[in-house]
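Secondary and tertiary structure notes
As a plain string of letters, each chain reads:
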Amino acid sequence: MTRPRGGSVFITGGVQRKALAAALALKRKGVEVTVGDPSRLALSLWSLRVDHRVIYPEPEVSEERFIDWLVARLRKHPVDLLFPTGGEGEINAIHRHRDRFQGITTVGLSPAHLFDVTEDKGTLHDRAVQAGVAVPATWQPRTVDEALDRANEYTYPALIKPRRGSGGRGIKHVVDAAALRRDYPGVAARHDRPLVQEFVPSAGVGLGVAALYDLAAKPVALFSYKRLREFPIGAGPSTFTESTRDPELLDAARRILDELQWQGLAMAEFRRDARDGKAKLIEVNGRFWGSARLPIVSGLNFPWLYFQLMTTGRVDPPPAYRAGVRCRWLFPGDLLHFLTNPKRFEMDPPFFQFFGKDLYYDPPIWPDPLPLMGQVAWAGWHALHLPTLRKYLHRH
């Protein structure tokens, strides 16, 4: 089959908001877009602007079936780029089977050795220290016995964190040595050699830098932003974000990514320490980030820059982006934040402020409202099965 002149992409994880953001951003540049997901209610599959919609096997049920299906699909319907945006199970499956796609398409993931570095929080911590990037005090016990024996040495409150993975999954908050001795064995039973990391008190909001590096490990574009709200509160994905131009964050992100000799997309997450005012690096996510629509509406089209890089090796010079642009995941994310926030009527910006200069919605409400309707239908359907709904919200 002949590939379209403007290029073509297969985006996985169509239930994700970032999948829809990438699809719409690439479609505006003339790219032929296919989106897939295991669920027919995935919001991206509702968009009128997507060229092709497909349903594939659930990767977390059968990784082998998913990869076999994907390879067969791409042999029959070739695309220039396979762009994984789904959950950890899906992305890790594609990462583990990269060799299956050689000669078929380009896989939109960073090189395997870099992907593995960001997956290991202990290794990432050590590299950040080498790069001179501020990080929370972190301990890496080799055994459960060592962790318990050293419990009095740690700074409290602290977090017991799985060494691998992203987001807040598996993290335990402990207030003293007794709590650590109680909880560490349970985390270690599910995750190999968990870290112990001091909790960074922060009176402000979460901070982040989205970045794209070229194939020579040189920065193409960096974008700083802050998380105004999130759900679940304190540990979940952002529901309200704002673009910034923060020199401290941009410099720290550049230093850690330069140290890693990064290639491709990445997101660095920070917290500003209330004790000394410094931004501390929490993690680097080597995947396409959840709040993808914010830089796009701020003027920086990361999906298009990445598509150019992966398919041609070259990138158009990125434009300057606008600071102060806000993006809101209203349903169900920000609604759930409002319902679970004890200070819900003191929030800034207020929940019921639905309009304003440079305020955008994710997914967009207009001119393509069907994805939002699909998200409402999906949430309503899965609300009957709360564990599935929580899993979906945590992935976002």
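Up top is the structure.
Worth saying up front: this structure is predicted, and the values here are computed from it rather than measured. (Residues numbered from 1 in each chain as written. Predicted model: local features only at pLDDT ≥ 70, side-chain atom pairs only at ≥ 80, totals over all residues. Heavy atoms only, no water.)

**A word on the overall build of the protein**
Looking only at helices and strands, the protein features 13 helices and 16 strands. Relative to a compact globule of 396 residues, whose C-alpha radius of gyration would be 21 Å, the protein shows 21 Å and is just as compact. C-alpha atoms of the protein, sized along the principal axes, occupy 65 × 50 × 45 Å. The buried share of the protein, reckoned over its 396 residues, is 55%. Expressed as a percentage of contacts within the protein between residues at least 6 apart in sequence, the contacts between residues at least 24 apart total 65%. A total accessible area of about 17300 Å² is found for the protein, and carbon and sulfur atoms account for 54% of it. Between the averaged position of the 54 positive side-chain charges in the protein and that of its 43 negative side-chain charges there is a distance of 4 Å. (Helix = DSSP H or I, 4+ residues; strand = E, 2+ residues; numbered from the N terminus. Rg over C-alpha atoms; globule rule 2.2 N^0.38 Å. Buried < 20%, exposed > 50% of the residue type's maximum accessible area, 1.4 Å probe, protein only. Contact = heavy atoms within 4.5 Å. Areas by Shrake-Rupley, 256 points an atom, 1.4 Å probe, with all protein chains shown as cover. Lys, Arg positive; Asp, Glu negative; His and termini not counted. Charge placed at Lys NZ, Arg CZ, Asp CG, Glu CD.)

**Side note on the pairing of strand E10 (residues 206-213)**
Across the eight residues that make up E10, a large majority, eight, are buried. Alternating positions in E10 separate into two faces, Gly206, Gly208, Ala210 and Leu212 on one and Leu207, Val209, Ala211 and Tyr213 on the other, with burial throughout. The turn joining E10 and strand E11 (residues 219-230), which pair antiparallel and follow one another in sequence, is formed by five residues; a positive phi near 65° is taken by Ala217. (Pairing = 2+ DSSP bridges.)

**Digging into the sheet that holds E10**
Strand order in the open sheet made by the seven strands is E14-E13-E10-E11-E12-E15-E16, with mixed pairing throughout. The sheet terminates laterally at strand E14 (279-285) and strand E16 (359-361), the two strands that pair on one side only. Direction aside, the axes of adjacent strands within the sheet are offset by 25° on average. The sheet contact formed by strand E12 (residues 238-244) and strand E15 (residues 326-328) spans three bridges and is antiparallel. Pairing of Glu242 across the sheet is with Arg326, part of E15. Strands in contact with helix H10 (residues 302-312) are E10, E11 and strand E13 (264-272); relative to E10, the strand with the most contacts, it is inclined by about 30°. (Axes fitted to C-alpha atoms, helices over the stretch in contact; angles between N-to-C directions.)

**With respect to the packing of helix H5 (residues 121-130) against helix H8 (residues 247-260)**
Between H5 and H8, the shortest axis-to-axis distance is 9 Å and the interhelical angle comes to 110°. In terms of their interaxial angle, H5 and H8 are classed as roughly perpendicular. Considering only the axes of H5 and H8, their crossing is right-handed. Only Ile256, Glu259 and Leu260 of H8 make contact with H5, whose side of the interface consists of Leu124, Arg127, Ala128 and Gln130. (Parallel < 35°, antiparallel > 145°, perpendicular 65-115°, else oblique. Left-handed = near helix turned anticlockwise from the far one by under 90°.)

**Quick word on the sheet that holds strand E2 (residues 32-37)**
The strand order E3-E2-E1-E4-E5 describes an open sheet built from five strands, whose pairing is parallel. Whereas interior strands pair on both sides, the edge strands pair on one side only; in this sheet they are strand E3 (52-55) and strand E5 (106-107). Where E2 lies against E3, four bridges are found, and the strand directions are parallel. Paired with Thr34 across the bridge in E3 is His52.

**Examining unusual backbone geometry**
Across the junction of Asp348 and Pro349, the peptide omega takes the value 5°, indicating a cis bond. Following the sequence through the fold, Pro349 ends up in the loop between helix H11 (330-340) and E16. The residue after Trp366, namely Pro367, is reached through a cis peptide bond having omega 10°. Of note, Pro367 is situated in the loop between E16 and helix H12 (370-382).

**With respect to the pattern of salt bridges**
Inspection of the entire model under this criterion finds 24 salt bridges. Here the residues in one salt-bridge network are Glu198, Asp273, Arg275, Asp276 and Lys280, joined through shared partners. (Salt bridge = Lys/Arg side-chain N within 4 Å of Asp/Glu carboxyl O.)

**Some points on the environment of Leu372**
Turning to its location among the elements, Leu372 is positioned in helix H12. Judged by its relative accessible area of 23%, Leu372 is partly exposed. With 98 residues separating them in the primary sequence, Leu372 and Ala274 have C-alpha atoms 37 Å apart.

**As for the nonpolar core**
Ranked by internal contacts, the top residues of the largest apolar core, which has 68 residues, are Val9, Ile11, Phe83, Ile256, Phe270, Leu281 and Phe302. What Leu281 contacts, discounting residues up to four positions off in sequence, is Ala128, Val133, Ala134, Val135, Pro136, Ile256, Ala268, Glu269 and Phe270. Phe10, Ile67, Ala93 and Phe115 belong to the second largest nonpolar core, which has 18 residues in total. (Core = buried A, V, L, I, M, F, W, Y, C linked by side-chain atoms within 4.5 Å.)

Structural measurements only, silent on function.
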